[in-house]
Amino acid sequence: MAKKRDYYEVLGVEVTADESQIKVSYRRLALQFHPDRNAGDEAASVKFKEATEAYEVLADKEKRSLYDRGGHAAVDGSRGGGGGGYAQTVDLGDLLGGLFGGLFDGGGGGGRRKAGPQPGRDVQIVLDIELVEAARGVKKTVTIQREDHCEKCNGTGAKPGTKPTNCKRCGGQGVVIQQQMFMRVQTACRACNGQGVIVTDPCTQCRGNCRVVGKRTIEVEIPPGVDTGDRIRYQGQGDAGDAGAPRGDLEFAVRVREHKFFERDGTNLVCQWPVTFAQAALGGPIEIRTLVGEKVKYELPRGVQSHDVIKLAGHGMPGRRGSRKGDLMVQILVDTPQRLSPEQEKLFRELAELEKSDVGPLPKKSIFSKLKDLFVPEETPTKPENEPK
Ligand SMILES: [Zn+2]
Ligand SMILES: [Zn+2]
């Protein structure tokens, strides 16, 4: 291991720093490198330990003065022993609790894994819908699986007629004080899962889980204009919590399938529309079908170029919560004919002559007609209907 860093340097404070400066600085580092926020990150874990060790010494007047005079050697009496010699109670809950609660629970909920009845988990479901449905809005009937309170034991987990007993490990408190690294931390009791009670005679229906998986059919109302990534949340419709605690939430994450013809660009829709050479040159009315099946007439100007974009205002996706509708952007594609009738062939050649443009020779017979030529004469004599009766 590398040479131990100076404790003041570790906490990023001056040697003249007072108690509150040291506390503030440690708090900042502990928040940054706390294992809960850096799962599996070794470097963060080392930094957290280092900062905690420095704080242990500098927050204690006696140890700090020892350290100031003699450095690490003066306070590091229990080298290699995990610091057991001078472990004090760093009340992380007190120091960080409020902040951690705020960071992890979105506020209001207090501690991260507080003791007592736990609320139910959120149920998250992906909901695939078509682009047309996103444009119109849609009601979807969805059957979900979620945890409900076991009816047989009334959610207690105990066999009907029996009662859960007080947890011996925590004395029914639901929490235990533990020595973690260099400090004492209050955590939920693992023996009883923070419940304070233990089921000795479990319910046969839920095997003591208090909950069973049940099905529920729910109608989800999807408003017009939704997009992939939008979430629709139903509070209190998720998994059942412990007795006395609320249910989790039910959340649908919307995913809009791609459309074969229309592409979404924010609230606008984009599509391509083919026109013939004659239409492009001469202009004329065209009729464009929108995503929701409306037919919109448009007067194509003379001389429209391939890839020109025309805008059909208000024929895009609806805006959210009644905001402005998007537009339909139609890219014109001049469709070059790939097979010409003899008549078309003749007219195009006349046109080329007028334009004095060089054009290719008349096409040779296609491979298909060559194949026909190859097989037809051989087959003809064997065909029964051609045989004289
Ligand atoms: Zn039960
Ligand atoms: Zn317990």
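Everything that follows concerns the structure shown earlier in this document.
Heads up: these notes are all about the structure in this document. Residue numbers run consecutively from 1 along every chain, following the written order of its sequence. Here the convention is simple: chains get letters from A, ligands get numbers from 1, in the order in which they are written. Totals for whole chains, interfaces and linings use all residues, but because this is a predicted model, local features are given only for residues with pLDDT of at least 70 and pairs of side-chain atoms are given and counted only at 80 or more. In computing side-chain values, all of the structure's heavy atoms are included and hydrogens and water are not.

### As for helix α9 (residues 342-355)
Put simply, DSSP marks the helices as runs of H or I at least four residues long and the strands as runs of E at least two long, and each gets a number from the N terminus on. Any helix carries an expected span of 1.5 Å times its number of residues minus one. The end-to-end C-alpha distance of α9 is 20 Å, a good match for the 20 Å that 14 residues give at a rise of 1.5 Å each. Where α9 terminates, the next one or two residues include K356, which has phi positive at roughly 55°.

### Remarks on the coordination of the zinc ion (ligand 1)
Coordinating donors are taken as N, O and S atoms within 2.8 Å of the metal, stretched to 3.2 Å for Na, K and Ca; because water is absent from the atoms, sites can appear incomplete. Taken together, the protein donors to the zinc ion (ligand 1) comprise C150 (SG), C153 (SG), C203 (SG) and C206 (SG), at separations of 2.2 to 2.4 Å. Here the zinc ion (ligand 1) binds 4 donor atoms, and the angle range of 104 to 115° at the metal identifies the geometry as tetrahedral. Only four donors with every angle between 85 and 135 degrees are called tetrahedral; only four or six donors with opposite donors over 155 degrees apart and all others between 65 and 115 are called square planar or octahedral, in that order; all others are irregular.

### Structural notes on the coordination of the zinc ion (ligand 2)
Taken together, C167 (SG), C170 (SG), C189 (SG) and C192 (SG) make up the protein donors of the zinc ion (ligand 2), found 2.2 to 2.4 Å from the metal. For the zinc ion (ligand 2), the 4 donor atoms in the first shell make angles of 102 to 115° at the metal, a pattern classed as tetrahedral. In the primary structure, the donors to the zinc ion (ligand 2) are separated according to the pattern C-x2-C-x18-C-x2-C. Highlighted residues: C167 in the loop between β3 (165-166) and β4 (175-180) and C189 in the loop between β5 (183-188) and β6 (197-198), separated in sequence by 22 residues. Both residues of the pair, C167 and C189, belong to the buried class. Each residue gets one of three labels from its accessible area relative to the maximum for its type: buried under 20%, exposed over 50%, partly exposed in between, using a 1.4 Å probe on protein chains only.

### What about the sheet that holds strand β8 (residues 231-234)?
We treat two strands as partners when DSSP finds at least two bridges between them. Spatial ordering of the open sheet is given by β1-β9-β8, a layout of 3 strands whose pairing is mixed. Lying at the two open borders of the sheet, with one neighbouring strand each, are β1 (123-129) and β8. On average, each strand axis in the sheet is tilted by 20° relative to the strand beside it, whichever way the strands run. Bridge count between β1 and strand β9 (residues 250-256): 7 bridges; the pairing is parallel. Of the residues in β9, the one forming a bridge with I129 is V256. Fitted lines through C-alpha atoms give the axes, limited to the stretch in contact for helices. The angle between two N-to-C directions lies from 0 to 180 degrees.

### Concerning the side chain of D230
Within the fold, D230 resides in the loop between β7 (211-222) and β8. Identification of polar contacts relies on pairs of N or O atoms within 3.5 Å, with a donor-acceptor requirement for protein atoms, meaning one able to donate a hydrogen and the other able to accept it, and with residues adjacent in sequence counted only if both atoms are side-chain atoms. One polar contact links D230 to R320, side chain to side chain, over a distance of 2.7 Å. Not counting residues up to four positions away in its chain, the partners in contact with D230 are F252, A253, V254 and R320. Between two residues, a contact is recorded if the distance between any of their heavy atoms is within 4.5 Å.

### Describing the packing of helix α3 (residues 42-58) against helix α4 (residues 61-70)
It is the contact of α3 with α4, at a shortest axis distance of 6 Å, that shows an interaxial angle of 100°. When the interaxial angle is binned, α3 and α4 end up roughly perpendicular. In this structure, α3 uses E56, V57 and L58 to contact α4, whose residues at the interface are K63, R64 and Y67. Residues that form the contact of α3 with α4 fall into these classes: 3 nonpolar, no polar and 3 charged. Here the word oblique covers every angle except those under 35 degrees (roughly parallel), over 145 (roughly antiparallel) and from 65 to 115 (roughly perpendicular). The classification used treats Ala, Val, Leu, Ile, Met, Phe, Trp, Tyr, Cys and Pro as nonpolar, Asp, Glu, Lys and Arg as charged, and all other residues, Gly among them, as polar.

### Points about the packing of aromatic side chains
The pairing test for Phe, Tyr and Trp rings, Trp by its six-membered ring, is centres within 6.5 Å, and the orientation test on the planes gives stacked under 30 degrees, edge-to-face over 60, and tilted for anything in between. Taken as a whole and assessed by the stated rule, the structure comprises 7 aromatic pairs. Look at Y234 and F252: their rings are 6.1 Å apart centre to centre, the planes differ by 85°, and that puts the pair in the edge-to-face class. Taken together, the residues Y234 in strand β8 and F252 in strand β9 connect sequence positions 18 residues apart. Judged by its relative accessible area of 22%, Y234 is partly exposed.

### Notes on the pattern of salt bridges
For salt bridges, the criterion is a side-chain nitrogen of Lys or Arg within 4 Å of an Asp or Glu carboxyl oxygen. Applying the stated criterion across every chain yields a total of 22 salt bridges. Salt bridges linked by common partners bring D122, R231, R233, D249 and E251 together as one network.

### Some points on the sheet that holds strand β10 (residues 263-265)
Strand order in the open sheet formed by 4 strands is β10-β11-β15-β14, with mixed pairing between adjacent strands. Of all strands in the sheet, those with a lone pairing partner are β10 and β14 (309-312), marking the two edges. Strand after strand, the sheet turns through a mean of 35° between neighbouring axes, direction not considered. The pairing of β14 with strand β15 (residues 328-334) spans 4 bridges and is antiparallel. Bridge pairing in β15 links L312 to L328.

### Considerations on the packing of helix α2 (residues 19-33) against α3
Contact geometry for α2 and α3: axes closest at 9 Å, N-to-C directions at 160°. With respect to each other, α2 and α3 are oriented roughly antiparallel. In terms of crossing hand, the pair formed by α2 and α3 is left-handed. Facing α2, whose interface residues are I22, K23, Y26, L29, A30 and F33, α3 presents A44, K47, F48, A51, T52, Y55 and L58. Its residues placed into classes, the contact of α2 with α3 shows 10 nonpolar, 1 polar and 2 charged. Each crossing gets its handedness from the near helix: less than a right angle anticlockwise from the far helix is left-handed, clockwise is right-handed.

### Digging into the pairing of strand β11 (residues 268-275)
Burial of the side chains of β11 is restricted to one face: L269, C271, W273 and V275 are buried, whereas none of N268, V270, Q272 and P274 on the reverse face is. Of the strand pairs in this sheet, β10 and β11 are connected by 3 bridges, and their pairing is antiparallel. Following the sheet pairing, D265 is matched in β11 by N268. Connecting β10 to the next strand, β11, in antiparallel fashion are 2 residues, including G266 with a positive phi near 65°. Two elements, β11 and β15, share 7 bridges in a ladder whose sense is parallel. Directly across from P274, in β15, lies its bridge partner L333.

### A short note on the nonpolar core
Of all hydrophobic cores here, the largest spans 38 residues; its most connected members are F252 and V330. Residue ranges for the domains trace back to a domain assignment, done automatically or taken from a database. Built from parts of two domains, this core gets at least three residues from each of domain 2 (121-155 + 207-257) and domain 3 (263-334). Beyond its immediate sequence surroundings of up to four residues, V330 is in contact with C271, W273, I288, D308, V309, I310 and L312. With 22 residues, the next largest nonpolar core counts V10, F48, A51 and V57 among its residues. Remark: nonpolar core denotes a set of buried residues (Ala, Val, Leu, Ile, Met, Phe, Trp, Tyr, Cys) joined through side-chain atoms within 4.5 Å.

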